[in-house]
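Close look at the chain arrangement
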Amino acid sequence: MRIEKFVLAVAFVFSVVSCLGQPTILAVLPSSVKSNLNSENWGDRANAMLALAQEDSTDSREALITLLDKETEVANRAYLRFGGTDAVYGESYGEYLGQLTDLVMKIADNPTFPRAIHVLARSSCEPDSYFARWLAMHGETILPDIVRLSENGIDIDRRCAAGVLGEMLSNDSERKLILSQTARAKAKMILIRGLKDSTSWVKDASLDSLTKSGDPTDIAALKEFMLNNREKQQEDQEFLRKKADKAISSIRARAASMSISK
Amino acid sequence: MKQLLLPLALVVFARCSPAALILRGRTTPTLGYSAYGYTTLTFDSGTDVLVGYSETDMDPDLVEYYESWVIGRLLDSNGNSLSSGGARDTVGAGYASITLQYIGKAGATYRMYGTHNGYMGACDCVEGNNYYDGYNESYWNSQDIVDATGFFNFYGDLNDSPVLKTPTITMGESYDSATISIPAACGDDRDAIIKEYFALGVTLHPVCPSFSSSVPPDSLFTFSQLNTSYYPDWAILLNSLYTGIRVTQSNYGSTLTPTSGYRDPRKEKDIDTQQGVRNWTVNSRHEYGDAIDLGTGNSQTKFNSIRSAGLKAGACAEPVGQSGLNHVHLDWRQSDGVVCSAAWLR
């Protein structure tokens, strides 16, 4: 009998502790915010974002992170179906997404919310944006997310990955962050693979990244690119060939200055 | 919101700005209850209608003995009455309100005054046809009450006029007011465009000189290329836009092709409504006169190059996942002191 009571007591305590560990977002947020967060209309979700941004609570921050994750899916679907969110949600959607990204970036600075940086890394980016550079500063923490971006079927995600990895390698060579040998090799491999991408802008972003972070071991791949890359438009082909040439020159110049400094 | 707490029983506050609040009338400490009043004046630029509103509210304790009473007066800048009216709470709702409307004229200033009173409801609640002044309000004002005796009650027959000439008790009468100045008219399409900014809730409130009808001689694009609004003669085109375009083209090294520039709020709304935007106030930089969309011919390398050239020219650039491949959106909001998102920034 005593053992049964003990087991029951343990089970009760366990269930309470388990409940405490669960996300309490839906229980705590006001019902209007909850319904706006789940609305099909992005204007409602944007209003929920504004309401959450006024709150200084764990739940509101978690809800914002979750909202960005959701919007990434929404934006990806719109890009694949319509070529961009403007075409289906209007230009203001981009402003909303930008505001949401900024809010989650602030949350990611707080180590209490480790999920934030991964959600941000999975959202798309422009390879030459401040956001891409900010992501790159997180190094190996986000490498798996960026590798996943580089492998998915959305060309602008692969383009974003090329930009972030180039910045990461550049930061590594300037000792702004330290990458392991494995991470460095993985990043380099993705950039070289980017030269054979099916789209010209992933090649373009990969060339930009190699220009700023490549080393002499990349020159062979760049030469091969100059010889064999074909684009539908002659103009694009010439543009990318010149970029590859510039990348080789930059790598050589960097190697020369490093050998002098040694 | 301005709140004035009297050391006495009556509290009156005005919650419109700018609102002057003047209290009049003698008051006597009685119980801890409150009466409130406020007045607002708004202007709907879409319809030109001025809406004046004034309200008197009473705490539930007071409602038993006094009715809320409000008088509103809408005046022009010379003090001439344009509209007036009053309302009394005869059903015990606890408040009385008056709404006055008037068609406003550009270049004029209007003021709405609210006077907040209490009206003592006469009741035959004590044997002998007595009026019952529950909170002894008759003591703290100068009404024509001849014989108000007793602390809580004063007595008199309804037909006995010398006892109580009027049942009105002005509870420390108060005034407040709100003022609106309507900007002067431009006398052309700009008036309609300015109205759109108010009517559609855009943060920017332009005035006549905010608009231009031509471009400077060194502009790379013509006025009609930069003005893609519903109004062909007028557009807001900021200097930061001209400079930004020039530097972008120089960075890009080739001729740029604009596909959209200034849009009036109605045009912007129509575009966004077609795309299903609801419940969200659009504040596009195209309405501010510092944004441009540049054609890419759906070329990925052109998109990258134009975007990069714009960023180097200090622009905020919309990511391709939003804009789509056919154009690059650039704006120079940062020259206007507005920060753009990290995703749009170089």
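Just above sits the structure.
First things first, this report covers the structure right here in the doc. (Residues numbered from 1 in each chain as written. Chains lettered and ligands numbered in written order. Predicted model: local features only at pLDDT ≥ 70, side-chain atom pairs only at ≥ 80, totals over all residues.)

Structural notes on the overall build of chain B
Put simply, the rule reads: Secondary structure follows DSSP: runs of H or I at least 4 residues long count as helices, runs of E at least 2 residues long count as strands, and numbering of each begins at the N terminus. Partly exposed residues are those whose C-beta has more than 12 but fewer than 20 other C-beta atoms within 10 Å; with 20 or more the residue is buried, with 12 or fewer it is exposed, and the C-beta atoms are placed from the backbone. By definition, residues are in contact whenever their C-beta atoms, placed on the basis of the backbone, come within 7 Å of each other.
Broken down by element type, chain B carries seven helices and 14 strands. Expressed as a percentage of the 346 residues in chain B, the buried residues total 43%. Taking all contacts inside chain B whose residues are at least 6 apart in sequence as the whole, residues at least 24 apart take part in 65%.

Overview of the nonpolar core
The cut-off we apply is this: By convention in this section, buried Ala, Val, Leu, Ile, Met, Phe, Trp, Tyr and Cys residues joined through C-beta atoms within 7 Å make up a nonpolar core.
Leu64, Val104, Leu120, Leu135, Val164 and Leu165 of chain A are the most contacted members of the largest nonpolar core, which has 100 residues in total. In terms of residue count, helix 7 (residues 91-108) of chain A provides more of this core than any other element does, nine residues in total. Dropping the residues within four chain positions of it, valine 104 of chain A is found in contact with Leu64, Ile65, Leu68, Ala116, Val119 and Leu120 of chain A. Grouped together as the second largest cluster of nonpolar side chains are eight residues, Leu41, Leu74, Tyr113 and Ala178 of chain B included.

Some details on the sheet that holds strand 14 (residues 327-331) of chain B
Residues and elements named next belong to chain B. To keep things clear, this is the line we draw: Whether two strands pair depends on DSSP finding at least two bridges between them. Axis definition: a line fitted to C-alpha atoms, over the contacting stretch in the case of helices. Angles run 0 to 180 degrees between N-to-C directions.
One open sheet holds the four strands; their spatial order is 11-12-14-13, and the pairing between them is antiparallel. What marks the edges here is a single partner per strand, and that holds for strand 11 (258-260) and strand 13 (316-317). As paired strands, strand 13 and strand 14 are joined by two bridges and run antiparallel to one another. Residue pairing across strands places cysteine 316 opposite aspartate 331, the latter belonging to strand 14. Sheet contacts for helix 6 (residues 300-312): strand 12 (291-295), strand 13 and strand 14; angle to strand 14, the most-contacted strand, approximately 5°.

With respect to the pairing of strand 14 of chain B
Residues and elements named next belong to chain B. A large share of strand 14 lies buried, amounting to five of its five residues. Burial along strand 14 is two-sided: His327, His329 and Asp331 and Val328 and Leu330, pointing in opposite directions, are all buried. Here five bridges tie strand 12 to strand 14, and the two strands are oriented antiparallel to one another. If you follow leucine 294 over to strand 14, its bridge partner there is valine 328.

Comments concerning the interface of chain A and chain B
Selection rule: Lys, Arg, Asp and Glu make up the charged group, whereas Ala, Val, Leu, Ile, Met, Phe, Trp, Tyr, Cys and Pro make up the nonpolar group; the residues left over, Gly among them, are polar.
Each partner contributes residues to the interface: chain A has 42 residues there, and chain B has 31 residues. Elements with a minimum of two residues in the side of chain A that touches chain B: helix 4 (42-54), helix 5 (58-82), helix 6 (86-89), helix 7, helix 9 (130-136), helix 13 (200-213) and helix 15 (234-261) of chain A. Per element, the largest residue contribution to the side of chain A that touches chain B is ten residues, and it comes from helix 7 of chain A. Classifying every residue of the side of chain A that touches chain B gives 17 nonpolar, 17 polar and eight charged.

What about the packing of helix 7 of chain A against helix 8 (residues 115-122) of chain A?
Residues and elements named next belong to chain A. To keep it simple, the criterion reads: Should the near helix be turned anticlockwise from the far one by less than a right angle, the crossing is left-handed, and should it be turned clockwise, the crossing is right-handed.
Running from N to C, helix 7 and helix 8 point in directions that differ by 145°, and their axes come no closer than 8 Å. In this structure, the crossing between helix 7 and helix 8 has a hand that is left-handed. Here Thr101, Val104, Met105, Ile107 and Ala108 of helix 7 lie close against helix 8, whose contacting residues are Ala116, Ile117, Val119 and Leu120. Considering only residue class, the contact of helix 7 with helix 8 consists of eight nonpolar, one polar and no charged.

Some points on helix 13 of chain A
To be explicit about the condition: One less than the residue count of a helix, multiplied by 1.5 Å, gives the span that helix is expected to have.
Between its terminal C-alpha atoms helix 13 of chain A stretches 20 Å, which fits the 20 Å expected from 14 residues at 1.5 Å a residue. Counted residue by residue, helix 13 of chain A has 13 buried out of 14 residues, so it is predominantly covered.

Remarks on the pairing of strand 5 (residues 49-58) of chain B
Residue and element names in this part refer to chain B. Judged by how many residues are buried, strand 5 sits mostly within the fold: eight of ten residues are covered. Relative to strand 8 (residues 95-103), strand 5 is paired through nine bridges, and the arrangement is antiparallel. Each bridged residue has a counterpart across the sheet, and for glutamate 55 the counterpart in strand 8 is serine 97.

Here's the deal with unusual backbone geometry
Despite not being glycine, arginine 175 of chain A shows a phi value in the positive range, around 65°. With respect to the helices, strands and loops of the structure, arginine 175 of chain A is situated in the loop between helix 11 (155-173) and helix 12 (181-194). Residues other than glycine seldom take positive phi values, yet asparagine 298 of chain B does so here, at roughly 60°. Assignment of secondary structure puts asparagine 298 of chain B in the loop between strand 12 and helix 6. With 12 C-beta atoms packed within 10 Å, asparagine 298 of chain B lands in the exposed category.

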